Every structure is written in structure tokens, then in C-alpha cells.
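# An overview of the molecular structure
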Amino acid sequence: MTTTAPATVPAHGAEEIQDAGHVDVLIVGAGVSGIGAAHHLRDQLPDRTFVILDAQDNRGGTWWTHRYPGVRSDSDLFTYGYRFKPWRGQSIAAGEEILAYLDEVIDEDDLGQYIRYRHRVTAASWSTGDRRWTVEVTEGGTGQQLRFTTGFLWMCQGYYNHAKPYRPQWEGLDRFQGAVVHPQRWPEDLDLAGKRVVVIGSGATAATLIPAIAGKAEHVTMLQRSPSYYFAPPTTSELAVTLRALDIPAEWTHEILRRQYISQYHWLARTSLEAPDELHTFLIESMRPLLPEGFDVEKHFTPRYRPWQQRIAIVPDGDLFAALREGTASIVTDTIEAFTEHGVVVSSGEEIPADIVVTATGFNLSVLGDVAFTVDREPVDFTERVTWRGIMISGLPNMAYTFGYFRHSWTLRVDLVSDLVGRLLASMRDKGATMVVPTLRPQDADMQLRAWSDPENFSPGYVMRSQHILYKQGDREPWTHMLEHEQERDILPQADLDDGTLVYR
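What counts and what doesn't
Residues numbered from 1 in each chain as written. Predicted model: local features only at pLDDT ≥ 70, side-chain atom pairs only at ≥ 80, totals over all residues. Heavy atoms only, no water. Helix = DSSP H or I, 4+ residues; strand = E, 2+ residues; numbered from the N terminus. Rg over C-alpha atoms; globule rule 2.2 N^0.38 Å. Buried < 20%, exposed > 50% of the residue type's maximum accessible area, 1.4 Å probe, protein only. Contact = heavy atoms within 4.5 Å. Areas by Shrake-Rupley, 256 points an atom, 1.4 Å probe, with all protein chains shown as cover. Lys, Arg positive; Asp, Glu negative; His and termini not counted. Charge placed at Lys NZ, Arg CZ, Asp CG, Glu CD. Pairing = 2+ DSSP bridges. Axes fitted to C-alpha atoms, helices over the stretch in contact; angles between N-to-C directions. Core = buried A, V, L, I, M, F, W, Y, C linked by side-chain atoms within 4.5 Å. Phe/Tyr/Trp six-rings, centres within 6.5 Å; stacked < 30°, edge-to-face > 60°. Lys NZ or Arg CZ within 6 Å of the ring centre and 35° of its normal. Polar contact = N/O pair within 3.5 Å; in protein donor to acceptor, adjacent residues only side chain to side chain. Expected span 1.5 Å × (residues − 1).

## A look at the overall build of the chain
- Looking only at helices and strands, the chain features 13 helices and 23 strands.
- Taking 23 Å as the expected radius of gyration for a compact globule of 505 residues, we find that the chain reaches 24 Å, a close match to that expectation.
- Scored against the burial criterion, the 505 residues of the chain give a buried share of 56%.
- Across the chain, the fraction of contacts at a sequence separation of at least 24, relative to all contacts at a separation of at least 6, is 70%.
- When the accessible surface of the chain is summed, it comes to about 21,400 Å², and 48% of that surface belongs to carbon and sulfur atoms.
- Side chains of the chain give 47 positive and 68 negative charges; the mean places of these two sets differ by 3 Å.

Next up, the structure:
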């Protein structure tokens, strides 16, 4: 018999482990992935008990921890929003708007009663004899150690290491007399007025932050080691304006716009592989008229890699380029030699004066939340494991994880993965199975193992830095991942759960 985990736990000494109850499904993470998983679970298998654990003190994951000025989506919300929940705002949305959208989902589905905030999962142990996971948790407010048990573990914690952002070490950084800020740790009381700000980085964070602070600081310099690709779509979709003026149902508008944006993403992904030079020219030439006259596009905006080998940064209405035209922001493309007391010296010998340095240098990947996994008391080394369709891991029973798309909206995959996990749980029920394990077949024994991400496919710094700690993929289905949405929207709904790669017991 299953019982729902209690909403509160009596205070005890930190050394005592408190039993927190048993649930059918335990979801880790109350961000976009976890909230979406909980909705689909309730919709598809309403008889299952579940709980959602999150280490943060509120919902939203990235949207809760990232509070730097101007933080916004770098995907359109018609596809970043859930399939089941129409988005009614602008196509590109601010962080607080996305949080408000998630709040609506939580309220409409009455999910608040199932979420336990400040519950950091530290270990997960599977017992084949008991057919269950034992999950060790630290309650952040009290330090109380809790123990949950569950029949199925669903990891939806995302891929950021929220506690340890990536901070390169530069010579002389300790000499710098100004403030050094990482976007993941933005101080609420940081005064930008009259300050010279250097933002190190050229990705989505820098492209978002710089326009938001350019009018507040004396001047903002984007210091980049190498350029990134940018695209400047309108904040407001003309088609959305037209459809809303016709006063048609919001669900229709949402579906039409969703299909339009999906089609655009498919074209971008396809063209990046089939005609990268064509896409390169399209992206560069679409930027050129938005930049100051005579701007050195070759130096500052021509990347060394093909389009979509790293993410394309979205700058709605070209706001980053507007800051460059207005002279409130500038770009330096060079490598850092050292910090001085009052700025940054680059390889050319130039010293860029700074009162504040923002290290928009990216983040570190986290392998399934850095949780210590064991199976029948044996520690799990993920570098020796293989993914099953980017949803399960070989040799780990009754465990799924949600990982979204890089080239498309993350949430498009949240919906697809949730459908497949629901189908898998229903299949276990129908078979009378209490255990399912992705297992290599005899014909897979000599399968070539490949890196988590093929550098020729997707090679941003945060991925390349983490390859050595990540699980692998194979050279054939279903042991691959990082497929495009255009492929998976057909593959995952039709995936054969009885092809011999899933062993039921």
C-alpha cells in the first residue's frame, strides 16, 4: 500500500534520519521539467501517488536562481510553454513572466501540495529485493535528514550546477579593486550608476544582460574571446497580433503559433547541417543593418564554428545592437592577459577600465543533480553507462530523467518524454512488472561507445568541459540521444517498449 509523503516533518536532531514516507513516483526538481512531468503524470496515471522535491526555496529552477537584469527566454514561449497550457504573452518573455506562467500551472493542477522546497536530494539507492529506491534528502531549513522511498524515480533537476557556476581563474584577479559578479549570484543592491562595466562572455547571458544595464551604467564593454551567432527576431509576433485581433480561441492561436515556430526551428536545425554556409550568410547579413555603420562584423560577429554547433543567442528586436549603435555599449574581441587594480588587460596590450566585472562565462553541468547513486549497494559510475533514448540509463532500474533540447525549446521534449514515461509506467502495470531496466542486448555487446556530445554536432564550452563525467551514447538506436525534435516527435511516440532493450521483472 502506498502513502503520500507527509507535508511536514517534526524537528529532530540533524543526526537522526526521519522517515518521510513512500510514493509511487518521486520527482526531483520543481522547474519547467518537474512541473511538466507532474502534470502529465496526474493526467495519464491519476491513481499514482507522487511528491516533487526541490533544493531551492521556490519553484522555477533556472528562472528562480537567475535574477540578473533583463533575464529572459532565449526561445519563443509558444514552444517553450507546455503543449497543454496556451501562452498568451509576447513570444520572448522575461523571467518573472515565465515564473507567473509556471505558477498558473501549479495552481490549476493543484501541484503545490506535492512540492517540498528546500529538500536537497543527496543519495539514491536501489534495492532489487525491495523493488524500490531509497532517497536521502537534506531539509535546508533545519538540516534534518529525511528518507523517502519510491517505486519509480524521475530526475527532472535540469543540467545546471546552481551552487557552483563556472568561474575561470585569471591572473591578477585578486588585485582588482572593483566588484566581480557572476550572473547566477547577482546582488540585489548592486549600483550601476556611473560605473564602467565589463561583461566577460558572448553567449545568451551576455546578450541579455548588456542591453538591460547599458542605459544604467556609464558604459558597458562586452569582452569576448570569440564571437557567437545572434538572431534578432521581433519581440511580438505579427501573426499573433493578427490572430488575436480576430478574437479566435486562445487555444487555436497557441497551436497555430506553436506550429509556426516549430517549423522555423526545424528549418534552422536542418539548414545548419545541410547548408551551413547558407545559414551563416543569413545570420550575418540579418545582423549587419542593425549594427553601427562601418562596424567590424568579421572581427566581432563572425564565429569560428558553423551555425548551431553552439546555441544561437536571441536578441529580441536587436536590443544588443541598439546599445552598440547608441554608444552605451561596445565590444572587445581578445583574450585576457591579466587583471589590474582598475581593469582588464587583453592580449593586444589594451587595458579596459572597469569598476564592475561580470563573469558571464557560463556554468558547469551537473550529472543528474550530483546525486550519489547506488544499485544493490554498488556505486554507479555514469561514465560506464549508456543512455536509452536520452530518457533512461543502462543498468538503472525504475529511473527516468528529463533532458530537453538545445536547438529547440527545452519544453518540447518535456512533453514528449513525459508521454513516454507515462506509457512505460502503464506498460509495467499491464505486465504486472515491478521493475524495468534498460539493458544492452547480445547484439549490442560490441557497440561503439561515443561521447555524451559529438563535438562536431554540439560543442559549447560547458558541454566540452563536462564530457569526462557524463554518461555515454552508443552508435545505434535506442542507445543514442540529442536527436532533433523533427526526428523525435515521430520516434518517441512510436518507440517500441518491448524490443528487448527494456527488461521487465
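Having put the structure on the table, let's press on.
## Topic: the environment of W126
- Position of W126 relative to the elements: it lies in strand β4 (residues 119-127).
- Residue classification places W126 among the buried residues on the basis of a relative accessible area of 2%.
- Expressed as a C-alpha distance, the spacing of W126 and D376, which sit 250 residues apart in the sequence, is 5.8 Å.
- In contact with W126, other than residues within four places in its own chain, are R131, R132, W133, G151, T374, V375, D376, P397, N398, T434 and M435.

## Focus: helix α10 (residues 319-326)
- Taken residue by residue, α10 has L320, F321, A322, A323 and L324 as its buried positions.
- Looking at the packing, one finds that the buried side of α10 touches α5 (204-213), β10 (230-231), α8 (276-287) and β12 (329-333).
- One or two residues past the end of α10 sits G327, with phi positive at roughly 85°.

## Describing the sheet that holds strand β13 (residues 336-340)
- The antiparallel open sheet is built from 3 strands, whose spatial order is β13-β14-β15. Strands with a single pairing partner mark the edges of an open sheet, and in this sheet they are β13 and β15 (351-353). Here the strands of the sheet are splayed against their neighbours by 25° on average, with no regard to which way each runs.
- With 4 bridges joining them, β13 and strand β14 (residues 343-346) adopt antiparallel strand pairing. From the neighbouring strand, T340 faces β14, where its bridge partner is G343.

## Some points on the nonpolar core
- Grouped together as the largest cluster of nonpolar side chains are 143 residues, with contacts concentrated most on L153, V199, Y230 and F373.
- Contacts of F373, omitting those with residues within four sequence positions, involve A124, W133, L153, M155, L368, E378, P379, V380, F382, L396 and M399.
- Listed in part, the 13 residues of the second largest apolar core include W170, V332, I336 and I352.

## Remarks on unusual backbone geometry
- The peptide bond linking E477 to P478 adopts the cis configuration, its omega dihedral lying at 0°.
- Tracing the chain through its elements places P478 in the loop between α12 (461-464) and α13 (485-491).
- Even without a glycine there, the phi angle at D110 is positive, about 55°.
- Of note, D110 is situated in the loop between α4 (95-108) and β3 (115-116).
- Even without a glycine there, the phi angle at R131 is positive, about 55°.
- Structurally, the position occupied by R131 is in the loop between β4 and β5 (132-139).

## Considerations on the packing of aromatic side chains
- Under the definition given, this model contains 33 aromatic pairs.
- Plain terms: the ring middles of F403 and F406 are 5.5 Å apart, the flat faces sit at 70° to each other, and that makes the pair edge-to-face.
- On the accessibility criterion, F406 (6% relative accessible area) is buried.
- Ring centres 5.5 Å apart and planes at 80° place the aromatic pair F403 and W452 in the edge-to-face group. Of the two residues, F403 is situated in the loop between β21 (399-401) and α11 (410-431) and W452 in the loop between β22 (436-438) and α12; the sequence distance between them amounts to 49 residues.
- Take F403: its relative accessible area is 13%, and that puts it in the buried class.
- Using a relative accessible area of 2% as the deciding quantity, one classes W452 as buried.
- The lysine or arginine in question, R389, covers the ring of W388, its NZ or CZ lying 5.5 Å from the ring centre.
- Directly above the ring of Y504 sits K431, whose terminal nitrogen or CZ lies 4.9 Å from the centroid.

## Regarding the pairing of strand β6 (residues 145-155)
- With 9 of 11 residues buried, β6 lies mostly within the body of the structure.
- In terms of strand pairing, strand β1 (residues 17-28) meets β6 through 10 bridges, oriented parallel. From the neighbouring strand, G21 faces β6, where its bridge partner is F148.
- Between β5 and β6, which pair antiparallel and follow one another directly, the connecting turn spans 5 residues, one of which, G143, has a positive phi of 80°.
- Examined bridge by bridge, β6 and β21 share 3 bridges and lie parallel to one another.

## Considering the environment of T142
- With respect to the element layout, T142 can be found in the loop between β5 and β6.
- Accessibility expressed as a relative area gives 56% for T142, which makes it exposed.
- The spacing of T142 and R118 is 24 residues in sequence and 9.5 Å in space, taken between C-alpha atoms.
- Engagement of the side chain of T142 in a polar contact is seen with the backbone nitrogen of Q144, the distance being 3.1 Å.

## Examining the sheet that holds β12
- Read from one edge of the open sheet, 5 strands run β7-β16-β8-β9-β12, paired in parallel fashion. Only two strands of the sheet have a single partner each, and these edge strands are β7 (179-181) and β12. Neighbour-to-neighbour, the strand axes of this sheet turn through a mean angle of 20°, independent of strand direction.
- For strand β8 (residues 196-200) and strand β16 (residues 356-359), the ladder comprises 4 bridges, and the chain directions are parallel. If you follow V197 over to β16, its bridge partner there is I356.

## Structural notes on helix α1 (residues 32-44)
- Compared with an ideal rise of 1.5 Å per residue, which puts 13 residues at 18 Å, α1 spans 18 Å between its outermost C-alpha atoms and is within 8% of the ideal.
- Counting buried residues along α1, 10 of its 13 residues qualify, which places the element largely inside the surrounding structure.
- For α1, the complete set of buried residues consists of V32, S33, G34, I35, G36, A37, A38, H39, H40 and L41.

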